[in-house]
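So the chains spell out like this:
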Amino acid sequence: MEMYQELHYWLVDQPMISEFKWKEGETFGGSTHFLVTTVLTYLSLTAIIHFIILPTSKSTVQNPSSSSSPKSPSFLRFVSAIHSLILLNLSFVMAIGCILSTLSQMLNTRWIFCFPTDTQPSGPVFFWAYVFYLSKILEFVDTLLILLNRGNRRLTFLHVYHHAVVLVMCYVWLHTSQSLLPVALVTNALVHTLMYTYYMLCALGKRPPWKRLVTDCQIVQFMFSFGVSMVMLWFHFTGNDGCSSIWGWVFNAVFNASLLALFTDFHTKNYAKKKNSRGKRID
């Protein structure tokens, strides 16, 4: 009990968390200008590195007269392991923090799915939503690591699209006090805890046999989001005042639908084909 109280204080009751308020244009990162600039910078730098810098450096390395050499793979694996370790721990803390904050801040069970329309983005749940928002900027480093270490993972449209638009989604959560925020944050953070654990182990040279499980969990997460959305919509249309940020939910639903389609396609191409190839007779 004493340990729980200590945990509750540091993840919920600590003044910086319990008194948090998202103020548009005042909170760091809390403006559309910051959001647009960050996303465009990410996309621009990714394009420049992928299409200009890396092809040039590759041709330079292949030139015998060049003294340049590529980054050490062991160094990149070390950086990747540290990056994954930070994000897996941060994701787990965000999940636990949001669970405890929701239990502390919710008015009733309905609140988990449907915020009242006058809900302000303040309190511990929104603090963790803010940390989650900023963590998505930290995840941009994933892209750089993939670009620098192209031998192990290939940069895909799914990866860049997901990283860019998820930041917009998190901003909408805070800007509009979007209903279902606690559920979405906890499920996403838990999946990312698993995902970054897998990436960390791979970077350490201990590739786990459950790579497919990571993709399966991501797909289940999106399907689960549509299931709980039915609960939110029921509250919205049967209640007197509806739920906060229904249009924000529409954006979130469209984004999740697109991710579900892309992840399903990725799953089919990477696992179904391998299964079929194993089942073929080799003469």
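This structure is a prediction, so every number in the text was calculated from the model and none was measured. (Residues numbered from 1 in each chain as written. Predicted model: local features only at pLDDT ≥ 70, side-chain atom pairs only at ≥ 80, totals over all residues. Heavy atoms only, no water.)

## Concerning the overall build of the chain
Then step 1. Helices and strands together make up the secondary structure of the chain, namely eleven helices and zero strands.
Then step 2. N-terminal to C-terminal, the α/β element order of the chain is α-α-α-α-α-α-α-α-α-α-α.
Then step 3. Taking the contacts inside the chain whose residues are at least 6 apart along the sequence as the reference set, 78% of them involve residues at least 24 apart.
Then step 4. Split by element, the accessible area of the chain, about 15,700 Å² in all, is 65% carbon and sulfur. (Helix = DSSP H or I, 4+ residues; strand = E, 2+ residues; numbered from the N terminus. Contact = heavy atoms within 4.5 Å. Areas by Shrake-Rupley, 256 points an atom, 1.4 Å probe, with all protein chains shown as cover.)

## Things to note about a nonpolar patch on the surface
Then step 1. Where nonpolar side chains cluster on the molecular surface, the patch consists of Phe78, Ile82, Leu85, Ile86, Leu138 and Val141 and spans about 480 Å² of accessible area.
Then step 2. Examining the composition of the nonpolar patch, we find that four residues originate from one element, helix α4 (residues 73–105), more than from any other.
Then step 3. Here Leu138 is to be found in helix α6 (residues 124–138).
Then step 4. Leu138 gets classed as partly exposed once you look at its relative accessible area, which sits at 34%. (Patch = residues over 30% accessible without salt bridge, like charges linked within 9 Å, V, L, I, M, F, W, Y side chains within 5 Å. Salt bridge = Lys/Arg side-chain N within 4 Å of Asp/Glu carboxyl O. Buried < 20%, exposed > 50% of the residue type's maximum accessible area, 1.4 Å probe, protein only.)

## Regarding the UniProt feature "transmembrane region" (unreviewed entry) in the chain
Then step 1. What UniProt calls "transmembrane region" (unreviewed entry) maps, in this numbering, to residues 34–54, 75–103, 125–148, 155–174, 180–201, 213–234 and 246–266.
Then step 2. Helix makes up 92% of residues 125–148 and strand 0%, with an end-to-end C-alpha separation of 36 Å.
Then step 3. Regarding residues 213–234, the helix share stands at 100% and the strand share at 0%, and the terminal C-alpha atoms are separated by 32 Å. (UniProt positions renumbered as here; feature names shortened; annotations may be inferred.)

## Concerning the environment of Leu138
Then step 1. Spatially, the C-alpha atom of Leu138 lies 8.3 Å from that of Leu87, the residues being 51 residues apart in sequence.
Then step 2. Leaving out residues up to four positions away in the same chain, Leu138 has contacts with His83, Ile86 and Leu87.

## Focus on the nonpolar core
Then step 1. Ranked by size, the top nonpolar core spans 50 residues in total, and within it Trp22, Trp128, Phe132, Tyr133, Leu174, Leu181 and Leu185 carry the most contacts.
Then step 2. Counting residues per element, this core draws most heavily on helix α8 (residues 157–176), which supplies eleven residues.
Then step 3. Apart from residues no more than four positions distant in its own chain, Trp128 is found in contact with Leu11, Ile17, Val93, Met94, Gly97, Cys98, Ser101 and Leu185. (Core = buried A, V, L, I, M, F, W, Y, C linked by side-chain atoms within 4.5 Å.)

## Observations concerning the side chain of Asp142
Then step 1. Residue position: Asp142 is located in helix α7 (residues 141–148).
Then step 2. The class of Asp142 is buried, set by a relative accessible area of 6%.
Then step 3. Not counting residues up to four positions away in its chain, the partners in contact with Asp142 are His83, Leu87, His159, His163 and Tyr196.

## Side note on the state of the cysteines
Think of a disulfide as a covalent bridge from one cysteine sulfur atom to another cysteine sulfur atom.
Then step 1. If you walk through the whole model with that rule in mind, you get one disulfide.
Then step 2. For Cys114, the disulfide goes to Cys243, at an S-S distance of 1.9 Å. Measuring the twist about the S-S bond at about -110 degrees, one finds the Cys114-Cys243 disulfide to be left-handed. Linking Cys114 in the loop between α5 (109–113) and α6 with Cys243 in the loop between α10 (211–238) and α11 (246–279), this pair joins segments that are 129 residues apart in sequence. The two residues Cys114 and Cys243 agree in class, both being buried. (Disulfide = S-S within 2.5 Å.)

## Examining the packing of aromatic side chains
Then step 1. Counted by the stated rule, this structure contains 21 aromatic pairs.
Then step 2. Ring plane angle 35 degrees and centroid distance 6.4 Å describe the contact between Phe113 and Phe235, whose orientation is recorded as tilted. Placement of the pair is Phe113 in helix α5 and Phe235 in helix α10, with a sequence separation of 122 residues.
Then step 3. The exposure class assigned to Phe113 is buried, which follows from its relative accessible area of 19%.
Then step 4. An angle of 65 degrees between the planes, with centres 5.3 Å apart, marks the rings of Trp234 and Phe235 as edge-to-face.
Then step 5. Taken together, the aromatic side chains of Phe20, Trp22, Phe127, Trp128, Tyr130, Tyr133 and Tyr171 make up a single cluster linked through ring pairs. (Phe/Tyr/Trp six-rings, centres within 6.5 Å; stacked < 30°, edge-to-face > 60°.)

## Brief notes about the packing of α4 against α6
Then step 1. At their nearest, the axes of α4 and α6 sit 8 Å apart, and the two run at 160 degrees to each other. Regarding the angle of α4 to α6, the classification is roughly antiparallel. In this structure, α4 meets α6 at a crossing whose hand is left-handed. The segment α4 lies against α6, with His83, Ile86, Leu87, Leu90, Val93, Met94, Gly97, Cys98, Ser101, Thr102 and Gln105 engaging Pro124, Val125, Phe126, Trp128, Val131, Phe132, Ser135 and Leu138.
Then step 2. Tallied by class, residues from the contact of α4 with α6 come to 13 nonpolar, six polar and no charged. (Axes fitted to C-alpha atoms, helices over the stretch in contact; angles between N-to-C directions. Parallel < 35°, antiparallel > 145°, perpendicular 65-115°, else oblique. Left-handed = near helix turned anticlockwise from the far one by under 90°. Nonpolar A, V, L, I, M, F, W, Y, C, P; charged D, E, K, R; others polar.)

## Comments concerning the pattern of salt bridges
Then step 1. Throughout the structure, instances matching the rule amount to three salt bridges.
Then step 2. A salt bridge links Lys269 to Asp265, with the nearest nitrogen and oxygen atoms 3.2 Å apart. Taken as a pair, Lys269 and Asp265 lie in helix α11 at a separation of four residues, close to a single helical turn.
Then step 3. The exposure class assigned to Asp265 is partly exposed, which follows from its relative accessible area of 38%.

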